[in-house]
Amino acid sequence: PEYPAQVFAFVGADTPVGATGTGSVRTMLQAAVSAAGPSRFLFSDAVPRPALGRYRAAARVAVVPSRWENYPYTCMEAMASGVPVLVTPGGGMAEMIEDGACGWIAAGADAASLTVTLRRALATPFRQGNVRDTAREVLQQAARFAGEVLAPTNAPGDLAGCSWTPQRVTTP
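What comes next is a walk through the structure. (Residues numbered from 1 in each chain as written. Predicted model: local features only at pLDDT ≥ 70, side-chain atom pairs only at ≥ 80, totals over all residues. Heavy atoms only, no water.)

1. A word on the packing of aromatic side chains
Throughout the structure, instances matching the rule amount to 2 aromatic pairs. With a centroid separation of 4.8 Å and 10 degrees between ring planes, the pair formed by phenylalanine 10 and phenylalanine 43 is classed as stacked. Placement of the pair is phenylalanine 10 in strand β1 (residues 8–11) and phenylalanine 43 in strand β2 (residues 41–44), with a sequence separation of 33 residues. Given the relative accessible area of 32%, phenylalanine 10 is considered partly exposed. (Phe/Tyr/Trp six-rings, centres within 6.5 Å; stacked < 30°, edge-to-face > 60°. Helix = DSSP H or I, 4+ residues; strand = E, 2+ residues; numbered from the N terminus. Buried < 20%, exposed > 50% of the residue type's maximum accessible area, 1.4 Å probe, protein only.)

2. A short note on the sheet that holds strand β4 (residues 85–87)
Overall, parallel pairing links the 3 strands, which are arranged β3-β4-β5 in an open sheet. Here the strands that pair on one side only, and so sit at the sheet edges, are β3 (62–64) and β5 (103–105). Each strand axis lies, on average, 15 degrees off the axis of its neighbour in the sheet, ignoring direction. Where β4 meets β5, 3 bridges bridge the pair, whose relative direction is parallel. (Pairing = 2+ DSSP bridges. Axes fitted to C-alpha atoms, helices over the stretch in contact; angles between N-to-C directions.)

3. Regarding helix α5 (residues 111–122)
For α5, spanning 12 residues, the distance from its first C-alpha to its last is 16 Å, which sits close to the expected 16 Å at 1.5 Å a residue. Inspection of α5 places Ser113, Leu114, Thr117, Ala121 and Leu122 among the buried residues, and these make up the whole buried set. The buried residues of α5 occupy one face: seen down the axis, they fall within an arc of 155 degrees. Across from the buried face of α5, at angles greater than 90 degrees, the exposed residues are Ala112 and Val116. Where α5 is buried, its residues contact β4 and β5. (Expected span 1.5 Å × (residues − 1). Arc of directions from axis to C-beta. Contact = heavy atoms within 4.5 Å.)

4. As for the nonpolar core
Counting residues in each nonpolar core, the largest one holds 16 residues, and the members touching the most others are Val64, Cys75, Met79, Val85, Val87, Met96 and Ile97. Broken down by secondary-structure element, the contributors of at least two residues to this core are β3, α3 (73–80), β4, α4 (93–96) and α6 (128–150). Every residue in contact with valine 87, bar those within four places of it in the chain, is listed here: Val64, Cys75, Met93, Ala94, Ile97, Trp104, Ile105 and Ala106. Of all hydrophobic cores here, the second largest spans 6 residues; its members include Leu86, Trp104, Ala106 and Ala121. (Core = buried A, V, L, I, M, F, W, Y, C linked by side-chain atoms within 4.5 Å.)

5. Focus on the environment of arginine 54
Within the secondary structure, arginine 54 sits in helix α2 (residues 52–58). A polar contact is formed between the side chain of arginine 54 and the side chain of tyrosine 55, at a distance of 3.1 Å. (Polar contact = N/O pair within 3.5 Å; in protein donor to acceptor, adjacent residues only side chain to side chain.)

6. Here we look at α3
Here α3 has its buried residues at Cys75, Met76, Ala78 and Met79. In an axial view of α3, the angular spread of the buried residues amounts to 165 degrees, which keeps them on one side of the axis. Positive backbone phi, at 90 degrees, marks glycine 82, one or two positions downstream of α3.

Take a look at the structure:
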């Protein structure tokens, strides 16, 4: 193997495969990794939130291969813990990550793109302090944005303040 000492941990509940919900993502992954040395791949069921810290503390990188996510807590929690994140370019994840500073953005959501990016991630030395600092900036920017967008106002028709003035609509 390319990184013989590297262990890969998958944490979370199993998910059904496909629209029909038949099959298991975990079973599919276990079959795919069996040739690569199953002892290097650990599968854990969902764990209570407080126990996730133990997994993050041991992580070299958190991989979030979602094809669509808006602003996932998984990324924010990993970054705030000092763990760099590998994400796909879809959704808001790519907006959270500064490629090469606090994580990596894969070129696509396909296996080949994720493989190339994971190799780059494993070959890059990272310091947790830098990731935490970048994460803090990202999270502070998000909080400022949310405060600006969701700040209540009294202005009639102000969508940002979620208030509006009803108007009578007449049709000719």
